[in-house]
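Descriptive structure summary
Each chain, letter by letter, is given below.
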Amino acid sequence: MSATRSPKVAERVAPKASDPQPPKKKRDDDDGPDFATLLHAWIESHRASLLDSLRRLGKQPIGSFFTCMVMAVALSLPMGLSLLLNNVERLGGSWQRAAQISLYLQLDATPGEGEALREQIKAMPGVADAEYVGREQALEEFQQQSGLGEALKELPENPLPGVVLVTPNEVDKPTLEALRQRLSELPKVQQAQLDLVWVERLAAILKLGDRFVFGLTVLLVSALLLVIGNTIRLHIENRRTEIEVIKLVGGTDSYVRRPFLYMGALYGFGAGILSWGVLAFGLDWLNDAVVGLAGLYGSDFSLAGVPVADGLSLLLGAVLLGYIGAWIAVARHLRELAPK
């Protein structure tokens, strides 16, 4: 009986070659996860790192605030000095007006000839503007400024010539000298005078200030990198065991580094916001005294606030400094965090 049933059992166990074979199921993961899955995982990883960094900073609000405040003070010093230099340059007037060329006309030049000469000069290349001051107007201004009004009234005739004030497009000594030479050859021009001493002194002072601000910026940026690096190093030491476990189970260096980079960027962002606020408050507080002093000299000068573009640049620079400082600190200690 067993002999008669064995072929049927064999047929059930091993199908005939003529029977169609079921197609093999193709595995979907032969080529790995698709791009959408990888992108979603990457975004989730960054989101988790950012939230973890915010949570850890929130657990130490006082320490985080003072770290940001130290960075903000270091950022405010060079930016504040740079803004003050810009205001000093604005107080001195534009360089073009400071480097005006004065054309003293001949005494027999009529007002019509002076106006015609002004129009001719204004159309010349290298000239931004030209202004004609007649003889009577020059005499009135001289009487008011010199305090010799009564004495000048006794003169038989006006000794002052008409003047054309020429404002150049750019302040460059060789260019200005060439322009002065051309203007001195015009008809009815008796003398062309160019005084660059005040402009050269102002340029030297501003150049010295720029170099001082640059040197101070380099020193304070180095100090900021040390501050953020030391702060991140403390966070690394507090999480040393956790990091070693992550690396033991296969965590990559970029995965370990990511939360600390976010932490450095957050420190920089907080420092940038505080620095912007300190500068805005400081300039507004100082502006009251500046307005009062300028009023004593009959001027309406006031300090300009922090421009939005400069504030955004300050904020971006602070974030980059925090990010770079964190990167340097993590890169330095990452090799020491290998599991033993």
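Bear in mind the structure is a predicted one, so any value in this text is a computation, not a measurement. (Residues numbered from 1 in each chain as written. Predicted model: local features only at pLDDT ≥ 70, side-chain atom pairs only at ≥ 80, totals over all residues. Heavy atoms only, no water.)

Check the secondary structure of the chain and you find 12 helices and 4 strands. Within the span of the chain, comprising 340 residues, buried residues form 32% of the whole. Accessible surface for the chain amounts to roughly 21900 Å². Of this, 62% is attributable to carbon and sulfur atoms. (Helix = DSSP H or I, 4+ residues; strand = E, 2+ residues; numbered from the N terminus. Buried < 20%, exposed > 50% of the residue type's maximum accessible area, 1.4 Å probe, protein only. Areas by Shrake-Rupley, 256 points an atom, 1.4 Å probe, with all protein chains shown as cover.)

Another aspect to go through is the packing of aromatic side chains. One pass over the structure, following the stated rule, counts 2 aromatic pairs. The positively charged end of Arg257 is found above the aromatic ring belonging to Trp327, 4.5 Å away from the centroid. (Phe/Tyr/Trp six-rings, centres within 6.5 Å; stacked < 30°, edge-to-face > 60°. Lys NZ or Arg CZ within 6 Å of the ring centre and 35° of its normal.)

Below, the discussion takes up the side chain of Ser76. Along the chain, Ser76 turns up in helix H3 (residues 61-91). The class for Ser76 is buried, based on a relative accessible area of 9%. A distance of 2.7 Å separates a polar atom in the side chain of Ser76 from the backbone oxygen of Ala72. (Polar contact = N/O pair within 3.5 Å; in protein donor to acceptor, adjacent residues only side chain to side chain.)

With that out of the way, let us pick up the side chain of Arg118. Counting through the fold element by element, Arg118 comes out in helix H5 (residues 111-122). Reaching out from Arg118, the side chain makes a polar contact with the side chain of Glu119 at a distance of 2.4 Å.

Next up on the list: unusual backbone geometry. One non-glycine residue with positive phi stands out, namely Lys188, at about 70 degrees. Residue position: Lys188 is located in the loop between helix H8 (173-184) and strand E4 (189-194).

Here we take up the UniProt feature "transmembrane region" (unreviewed entry) in the chain. Those places that UniProt annotates as "transmembrane region" (unreviewed entry) correspond, in this numbering, to residues 62-85, 212-232, 260-283 and 303-330. Its end C-alpha atoms 30 Å apart, residues 212-232 is made of 100% helix and 0% strand. (UniProt positions renumbered as here; feature names shortened; annotations may be inferred.)

There is a patch of nonpolar side chains on the surface, built from Leu81, Leu84, Phe212, Phe281, Trp285 and Leu286 and spanning about 640 Å² of accessible area. The set of elements that each furnish at least two residues to the nonpolar patch consists of H3 and helix H11 (253-296). Note that Leu81 resides in helix H3. (Patch = residues over 30% accessible without salt bridge, like charges linked within 9 Å, V, L, I, M, F, W, Y side chains within 5 Å. Salt bridge = Lys/Arg side-chain N within 4 Å of Asp/Glu carboxyl O.)

One can find Phe214 in helix H9 (residues 197-238). Classification of Phe214 by relative accessible area gives exposed; the value is 60%. The sequence separation of Phe214 and Pro78 amounts to 136 residues, and the corresponding C-alpha distance is 7.8 Å.

This part covers the pattern of salt bridges. Within this structure, the stated rule accounts for 10 salt bridges. Asp108 serves as the salt-bridge partner of Lys188, at 3.8 Å between the closest nitrogen and oxygen. A residue pair is termed long-range when its members are at least 10 positions apart, and Lys188 in the loop between H8 and E4 and Asp108 in the loop between strand E1 (101-105) and H5 qualify at 80 residues. Look at the salt bridges and you will find they share partners, linking Asp52, Arg55 and Arg56 into a network.

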